[in-house]
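Structural description and commentary
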Amino acid sequence: MNDIKIAIIGLGYVGLPLAHLFATKYSVVGFDINSMRVKEVNNGIDNTLEISESALKRVVKKKSASGAGLYCTDQVEQIKGCNYYIVTVPTPVDSTNKPDLTPLYKSSETIGRIIKKGDIVIYESTVYPGATEEECIPIIENISGLKFNQDFFAGYSPERINPGDKEHTVDKILKVTSGSTPEIGAKVDKLYKSVITAGTYLAPSIRVAEAAKVIENSQRDINIAFVNELAKIFNLMGIDTQEVLKAAATKWNFLSFSPGLVGGHCIGVDPYYLAQKAQQFGYYPEIILAGRRMNDSMGKYVASEVIKLMVQNDIRIKGAEILVLGITFKENCPDVRNTKAVDVINNLSSYGAKIDVYDPWASPEEVKHEYNLTTYQLIPEKNYDGIVLAVAHNQFLKIDLKSILKPAGIIYDVKGVLERHSCSRL
């Protein structure tokens with residue numbers, strides 16, 4: 001495997017950790033259309049905070065050359081000499097929740113312009129079953145003039161990275177692999193197995209690997225939707241949902257999930273990919289879409305519960321000052337993609353309240369660009385009528401919230417991490 005040279009297409013939360021891992025053993029060229037991102041990585045800086053500066057600098061090279069290491073570029077011609085192309089671009093949904101494969105299409109076009117005979121293209125982006133061979137491969141064939149499974153080959157190995165998780169890093173998560181032929185499947189599996197210490201699982205086909213990935217997140221989405229519905233029911237009954245879940249968890253086969261906001265680049269998106277493909281086959285997936293509707297409704301529900309509590313305390317809603325703690329999609333992570341904390345903020349604003357958002361992890365510039373919202377990295381010096389803990393960053397657990405709360409003010413804990421007697425919670 002000494003002749004292997006790998007190109008990683010997309011240097012985000014998935015691509016950079018993978019490029020860093022492969023670069024410890026192989027010659028790797030990272031490609032991204034974001035020239036600023038490329039410059040930062042080449043200087044040892046990862047603003048997603050997935051790879052430390054010291055770890056990144058150990059593998060970064062100043063130029064593309066043979067031997068283990070990572071060189072990053074925004075110039076397509078500099079990945080031309082590779083023989084493995086691994087695509088790690090995002091697969092979002094549009095404003096109507098339909099899959100948006102544009103990043104995959106663009107990446108496939110790029111590869112089609114430079115691929116040569118014998119090369120292997122591996123997709124890691126989460127898609128519906130069939131997308132790799134039905135959507136991406138024809139683009140490469142049309143642009144390159146090469147014949148699939150004759151001149152070039154493909155694999156699919158779904159990403160399982162959990163942003164912000166320093167324990168379950170890419171090398172410590174078992175990797176599903178697959179190939180467009182049995183021989184290519186074995187090659188792809190061998191490549192990943194050489195760097196993944198947790199091991200690999202070779203699926204019998206690309207479609208099986210695609211389906212396995214998309215149901216992982218759909219299953220989690222449905223389970224969280226179930227406990228979100230329980231939270232709504234138990235709140236009406238005056239029962240503490242968290243205490244119910246603790247009691248139920250004493251049974252050996254009870255599956256523990258917590259209610260909350262379900263966003264992010266995977267769980268809040270992937271069910272729509274599977275649902276659309278199912279509908280193309282004439283099947284309307286009731287449970288999958290019902291779970292997504294439930295989880296998509298939680299931002300509005302949280303906002304309405306906060307407003308009810310404030311009304312009960314005789315707080316005038318119009319012009320009321322509310323502090324929202326956290327805007328990233330999960331705790332201790334700067335990722336704001338598809339965050340449902342925005343739904344809480346927008347719904348609270350619709351009641352006429354004035355909202356301040358404090359998040360020491362999120363980039364104010366990115367939040368402004370993505371959502372046109374202003375965020376603070378220090379708590380504004382004022383007292384609030386209401387405080388909503390939307391994300392359980394570690395820093396929030398150290399704040400004396402009552403010291404910044406007006407006498408009649410309320411605290412609402414979406415994540416269930418604060419002391420029960422000090423707040424209301426989902």
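Before reading on, note that the structure itself is shown above.
These lines cover the structure that appears in this document, whether it is placed above or below. Since this is a predicted model, take the numbers as computed values, not measurements.

Another aspect to go through is the packing of helix α9 (residues 270–280) against helix α10 (residues 286–296). For the pair α9 and α10, the least separation of the axes is 10 Å and the interaxial angle reads 145°. Crossing geometry of α9 relative to α10 is assigned as left-handed. Here Pro271, Tyr272, Leu274, Ala275 and Gln279 of α9 lie close against α10, whose contacting residues are Ile288, Leu289, Arg292 and Asp296. Looking at side-chain class alone, the contact of α9 with α10 contains 6 nonpolar, 1 polar and 2 charged residues.

Before going further, it helps to spend a moment on the sheet that holds strand β5 (residues 120–123). One open sheet accounts for 6 strands, arranged β3-β2-β1-β4-β5-β6; its pairing is parallel. Of all the strands in the sheet, just β3 (69–73) and β6 (153–156) have a single pairing partner and so form its edges. Sheet twist, expressed as the average angle between the axes of neighbouring strands with direction ignored, equals 20°. One ladder, built from 5 bridges, connects strand β1 (residues 5–9) with strand β2 (residues 27–31); its direction is parallel. Opposite alanine 7, over in β2, you have valine 29 as the bridge partner. Helix α1 (residues 15–23) rests against β1, β2, β3 and β4 (84–87) of the sheet, and its axis sits at about 170° to β1.

Quick look at the packing of aromatic side chains now. Each aromatic ring pair is characterised by the separation of its centres together with the angle its planes make. What the rule picks out here adds up to 5 aromatic pairs. With centroids separated by 6.4 Å and ring planes inclined at 35°, the aromatic side chains of tyrosine 128 and tyrosine 273 adopt a geometry described as tilted. Placement of the pair is tyrosine 128 in the loop between β5 and α5 (131–144) and tyrosine 273 in helix α9, with a sequence separation of 145 residues. According to the relative accessible area criterion, tyrosine 128 is buried, its value standing at 3%. Between tyrosine 358 and phenylalanine 396, the aromatic rings sit 5.5 Å apart at their centres with planes inclined by 50°, giving tilted as the arrangement. Within this pair, whereas tyrosine 358 is found in strand β10 (residues 354–358), its partner phenylalanine 396 is found in the loop between β11 (384–389) and β12 (405–413), the two being separated by 38 residues in sequence. Given the relative accessible area of 9%, tyrosine 358 is considered buried. Among the aromatic residues, ring-to-ring pairing joins Phe22, Tyr26 and Tyr192 into one connected group. The ring of tryptophan 252 has lysine 251 lying over it, and the distance from NZ or CZ to the ring centre is 4.5 Å.

Conventions adopted
- Residues numbered from 1 in each chain as written.
- Predicted model: local features only at pLDDT ≥ 70, side-chain atom pairs only at ≥ 80, totals over all residues.
- Heavy atoms only, no water.
- Axes fitted to C-alpha atoms, helices over the stretch in contact; angles between N-to-C directions.
- Helix = DSSP H or I, 4+ residues; strand = E, 2+ residues; numbered from the N terminus.
- Left-handed = near helix turned anticlockwise from the far one by under 90°.
- Contact = heavy atoms within 4.5 Å.
- Nonpolar A, V, L, I, M, F, W, Y, C, P; charged D, E, K, R; others polar.
- Pairing = 2+ DSSP bridges.
- Phe/Tyr/Trp six-rings, centres within 6.5 Å; stacked < 30°, edge-to-face > 60°.
- Buried < 20%, exposed > 50% of the residue type's maximum accessible area, 1.4 Å probe, protein only.
- Lys NZ or Arg CZ within 6 Å of the ring centre and 35° of its normal.

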